[in-house]
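An overview of the molecular structure
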Amino acid sequence: MTPLQLPVTTVRGDTVAVLPSEVDAHNAPMIRDALFSLLDQGVPSLIIDLTSTNFCDCAGLRALTRVRRRADVLHTPACVALPDTGSVRRVAELSGFMCDDQVATGLAAAHRRLHPV
């Protein structure tokens, strides 16, 4: 399996990994491994950006759940940024993924979750 390179930037001290337009059973393991790699490198915090993702299936949500668990084990603050509307948000709502306190709508809200005032 070829390693996946996700676009990664730093915004206000947070590492932001932008996920592709589709997250599914085909690429979810590669996305999981790329995010694990970021965590294992010791990023200070991680925002997983799905705001431009148009499709995410249960395999994608399962991969993101595993990444969140790894972040917890490593004591790395992490948050998933979802779009405010669309199928990705709807799947997250229906699956219960939205119940996680480390899921936010948009990048600004994700940053606020990681850095409460």
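Check the entry above for the structure.
Each value, and the rule that gives it
Residues numbered from 1 in each chain as written. Predicted model: local features only at pLDDT ≥ 70, side-chain atom pairs only at ≥ 80, totals over all residues. Heavy atoms only, no water. Salt bridge = Lys/Arg side-chain N within 4 Å of Asp/Glu carboxyl O. Buried < 20%, exposed > 50% of the residue type's maximum accessible area, 1.4 Å probe, protein only. Helix = DSSP H or I, 4+ residues; strand = E, 2+ residues; numbered from the N terminus. Core = buried A, V, L, I, M, F, W, Y, C linked by side-chain atoms within 4.5 Å. Contact = heavy atoms within 4.5 Å. Pairing = 2+ DSSP bridges. Expected span 1.5 Å × (residues − 1).

**What to know about the pattern of salt bridges**
Going through the model one piece at a time under the given rule, you end up with five salt bridges. Of the charged contacts in the structure, one is a salt bridge between Asp 33 and Arg 32, with a shortest N-O distance of 3.1 Å. Overall, Arg 32 belongs to the buried group, its relative accessible area being 17%. Glu 93 is the salt-bridge partner of Arg 89, the closest N and O atoms lying 3.3 Å from each other. Of this pair, Arg 89 and Glu 93 both sit in helix α3 (residues 87–95), separated by four residues, roughly a single helical turn. Its relative accessible area of 15% is what places Arg 89 among the buried residues. Here the salt bridges share partners, and the residues they tie into one network are Arg 89, Arg 90 and Glu 93.

**Some words on the nonpolar core**
Membership of the largest hydrophobic core comes to 26 residues, with the highest contact counts inside it found for Leu 19, Leu 35, Leu 46, Ile 48 and Leu 50. Of all the elements, helix α1 (residues 28–40) adds the most residues to this core, at six residues. Discounting chain neighbours no more than four positions away, the residues touching Leu 35 are Leu 6, Ala 17, Leu 46, Ile 48, Leu 64 and Val 67. One finds Ala 104, Ala 109, Ala 110 and Leu 114 within the second-largest nonpolar core, a separate group that totals eight residues.

**A short note on the pairing of strand β4 (residues 46–49)**
Regular strands show a simple pattern: their side chains alternate between the two faces of the sheet. Because side chains alternate across β4, one face comprises the buried residues Leu 46 and Ile 48, and the other comprises Ile 47 and Asp 49, equally buried. Relative to β4, strand β2 (residues 14–18) runs parallel, the two being bridged by four bridges. Its bridge partner lying in β4, Ala 17 is registered against Ile 48. As paired elements, β4 and strand β6 (residues 78–82) share four bridges and run parallel to each other. In the sheet register, Ile 47 faces β6, and the bridge partner there is Cys 79.

**Things to note about helix α4 (residues 107–114)**
Burial in α4 covers these residues: Ala 109, Ala 110, His 111 and Leu 114. Contacts made by the buried residues of α4 are with β2, β4, β6 and β7 (103–105).

**Points about α1**
Here α1 contains 13 residues, and its C-alpha end-to-end distance of 18 Å stays within 8% of the 18 Å for a straight helix at 1.5 Å per residue. Elements in contact with the buried residues of α1: β1 (8–11), β2, β3 (22–23), β4 and α2 (58–73). After α1 finishes, the residue Gly 42 shows a positive phi value of roughly 90°.

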